[in-house]
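Below are the chains, spelled out letter by letter.
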Amino acid sequence: MKTIKIKYFSEEIERLAYIAGKSDWIDLRAAKEITLNKGEFALIPLGVAMELPEGYEAHVIPRSSTYKNYGIIQANSCGLIDESYSGNNDQWFFPAIAMRDTVIRVNDRICQFRIMEHQPEILFEETEVLTAEDRGGFGSTGRQ
């Protein structure tokens, strides 16, 4: 089990909790109320900074209900926070674009994260032929 140091920037948000057996993604909450009009962009503070272990990174993505509930999408599609962003004032943010007028309130669960090990070193070997089954080159079924 890894231990991660966490600093909270807000007393109003619920503390993070890993819920074993439910999901290995952990919800993050808005630490400030934000009002956005359709088309506007905002960096929504998440009220936390973490000192990730060497060789690890956090992947931050919207929750499945984020768009339905708040009408926002994540501007960078998937956020990546590596262990170098671990200073005392390195608060995490969610870059949001509003697709409709909306209000995100303090403590609203707007995104989630998981901790991942860095990708191992990889060597690419060029070949003329791949030997696995040909699936048609489209989606998961190969059907168009």
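Heads up: the structure comes first, above all this text.
Residues numbered from 1 in each chain as written. Predicted model: local features only at pLDDT ≥ 70, side-chain atom pairs only at ≥ 80, totals over all residues. Heavy atoms only, no water.

Side note on the environment of V60
- With respect to the helices, strands and loops of the structure, V60 is situated in strand β6 (residues 56-62).
- For the pair V60 and F94, spaced 34 residues apart in sequence, the C-alpha to C-alpha distance is 8.3 Å.
- Not counting chain neighbours up to four residues away, the residues in contact with V60 comprise L28, Q74, C78, G79, I81, W92, C111, Q112 and F113. (Helix = DSSP H or I, 4+ residues; strand = E, 2+ residues; numbered from the N terminus. Contact = heavy atoms within 4.5 Å.)

A word on unusual backbone geometry
- For S77, which is not glycine, the phi dihedral falls at a positive 65°.
- Along the chain, S77 turns up in the loop between β7 (72-74) and β8 (79-82).
- Although it is not a glycine, N107 sits at a positive phi angle of roughly 85°.

Some details on the packing of aromatic side chains
- A full pass over the atoms with the stated rule returns 1 aromatic pair.
- Geometrically, the ring pair formed by W92 and F113 is edge-to-face, given 5.3 Å between the ring centres and 85° between the ring planes. Highlighted residues: W92 in the loop between β8 and β9 (93-98) and F113 in strand β11 (residues 109-117), separated in sequence by 21 residues. The pair W92 / F113 is uniform in exposure class, with both members buried.
- Sitting above the plane of the Y8 ring, R15 keeps its charged end 3.9 Å from the centroid. (Phe/Tyr/Trp six-rings, centres within 6.5 Å; stacked < 30°, edge-to-face > 60°. Buried < 20%, exposed > 50% of the residue type's maximum accessible area, 1.4 Å probe, protein only. Lys NZ or Arg CZ within 6 Å of the ring centre and 35° of its normal.)

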